[in-house]
Amino acid sequence: MEHSRTRIIIDGAIAGLIGAVVVAVWFLIFDLIRGHALETPALLAATILHGSHSHEVHHGLALLALEYSLIHFGAFITFGIAGGLLLEACETESSLLFSLVIFFVAFEVFFIAVVLFLGPNVMVELTWWGIIVGNLLATGAMLSYFFWRHPALAFNLLGGWITIAREGITAGLVGGIVVALWFMAYDFASGNPFHTPAILGAMVFQNATVSDGIQATLPLVLGYSILHFSAFVGFGLALAVLLAASEWEPFMVLGALLLLAVFEVFFVGFVSLIDQSALEVLGWWKIVAGNILALIAMATYFIRGHRGLGVKLVERWAMLDHEGAEMGDLPPRPPHDHEPTHPSHL
C-alpha cells in the first residue's frame, strides 16, 4: 500500500508538471501571436509579486517570467498530487466522486478568479477564453497521463466511459484531420500555403480584419490548430455520448443527427459573427465542403462501431407503433353506476 501511495504521489507530481508545461506552451503561443513573447507570465509576476499593475513589464521580461514560472509549476505540481490522491480515494469511497468533480471545476475557474481579483488591467491582457482553453488542455493532458499510468484505477472509476471517451476523441481527431487536410490542399493549390488557418487565427487571437494580406506564421497557424482540434474533439465526445445512449434508447440517435446538423452550420455562423467579410475571403463553400467531408469521415468511423444501431431504431419504432395500435384497440371503459349512459338521463 505504501509503495502504491508513493507511486500515485510521484505520478501526480509528473501529471502536474505536464499540465504546467501545456499551459505555459499555450500562453507562449498566445503571446507570440500578439507579438509579445512571455508577456503573460511577466504581467502576472509583476502584479502578484511586485504589486505593479503597469503595462511596462518589458524591461525585466525574462526575470519576471522566471519568477512566475516557479509559482506556476509549484501550483500545478501541488494540484497534480492532490488530484491523484483524490482519484485514489474515490476508488474505495464512491461518495467522494462529487468532491472530485468540484475539485476539477474549481481548478478550471480558479485562475480566472485570480485574474479578476488582480484587476481589469490584467483581465484585458488575458482573455477569459484563453484561460479556459489553457486549463482544459492541461486537465486533459494530466488526466490522460495519470490514467495511462494507472489503468486499473481508471477502469474502476470510469468503467465503460473509457471506451466512449476513446471513441469520441478518435472521431474528433479524424474530423479535425480531414478538415485540416482539405484546407491545406486548397491553400497549396491556390499558391497560399496555410492561408486559411492564418486568417482564422488572426480573427480569433488578434481581432484582425480579414484580408488577403495576413501572413501565415508558425504561432498563428499552431494556435488556431490547437483550437481547431480541441473543438473537434469536444464535438466527437458529445456524439460518442449520444450514440452510447442510443444503444439503450435508439431514438437518441435523432439527437446525434441534430447535433451533426448544428455542427454543419455552426462554423459558418461563427465566422460570420466575428467578421462578415471573412466568408467572402475564405469562401463559404470551402468551409461547408470541409465540414461535410469531416462529417462523412466521422460518421463512417462511428457506424463501424455501432453497426446494429439502425436495426435497433427500426425495431424500437415498430414496437412503439405496435403499442400505439394496441392502445387504440382497447375496449371502451364501462360507465360507473353514477355516470349517465344515455343523453336522456341528463
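Residues numbered from 1 in each chain as written. Predicted model: local features only at pLDDT ≥ 70, side-chain atom pairs only at ≥ 80, totals over all residues. Heavy atoms only, no water.

Focus: the pattern of salt bridges
1) Next: Applying the stated criterion across every chain yields a total of four salt bridges.
2) Next: The partner of aspartate 11 in a salt bridge is arginine 149, and the shortest N-O contact between them spans 3.3 Å. With a gap of 138 residues between them, aspartate 11 in helix α1 (residues 2–33) and arginine 149 in helix α6 (residues 128–149) connect regions that are remote in the sequence.
3) Next: Note on aspartate 11: relative accessible area 2%, which makes it buried.
4) Next: A salt bridge links aspartate 31 to arginine 34; its shortest N-O distance comes to 3.0 Å.
5) Next: It is possible to trace a salt-bridge network through shared partners that takes in Arg7, Asp11 and Arg149. (Salt bridge = Lys/Arg side-chain N within 4 Å of Asp/Glu carboxyl O. Helix = DSSP H or I, 4+ residues; strand = E, 2+ residues; numbered from the N terminus. Buried < 20%, exposed > 50% of the residue type's maximum accessible area, 1.4 Å probe, protein only.)

Focus: helix α4 (residues 97–118)
1) Next: With 22 residues, α4 extends 32 Å between its outermost C-alpha atoms, agreeing within 8% with the 32 Å of an ideal straight helix rising 1.5 Å per residue.
2) Next: The sharpest bend along α4 comes to roughly 35 degrees, located at valine 109.
3) Next: By the burial criterion, the buried members of α4 are Leu100, Phe104, Phe107, Glu108, Phe111, Ile112, Val115 and Leu118. (Expected span 1.5 Å × (residues − 1). Bend = angle between axes of the 7 residues up to and from the residue.)

Quick notes on a nonpolar patch on the surface
1) Next: Where nonpolar side chains cluster on the molecular surface, the patch consists of Ile169, Leu173, Ile177, Leu181, Met184, Phe188, Phe194 and Leu237 and spans about 660 Å² of accessible area.
2) Next: Ranked by the residues each element gives to the nonpolar patch, the list is headed by helix α8 (residues 161–189), at six residues.
3) Next: Considering the arrangement of structural elements, one finds phenylalanine 188 in helix α8.
4) Next: Take phenylalanine 188: its relative accessible area is 47%, and that puts it in the partly exposed class. (Patch = residues over 30% accessible without salt bridge, like charges linked within 9 Å, V, L, I, M, F, W, Y side chains within 5 Å. Areas by Shrake-Rupley, 256 points an atom, 1.4 Å probe, with all protein chains shown as cover.)

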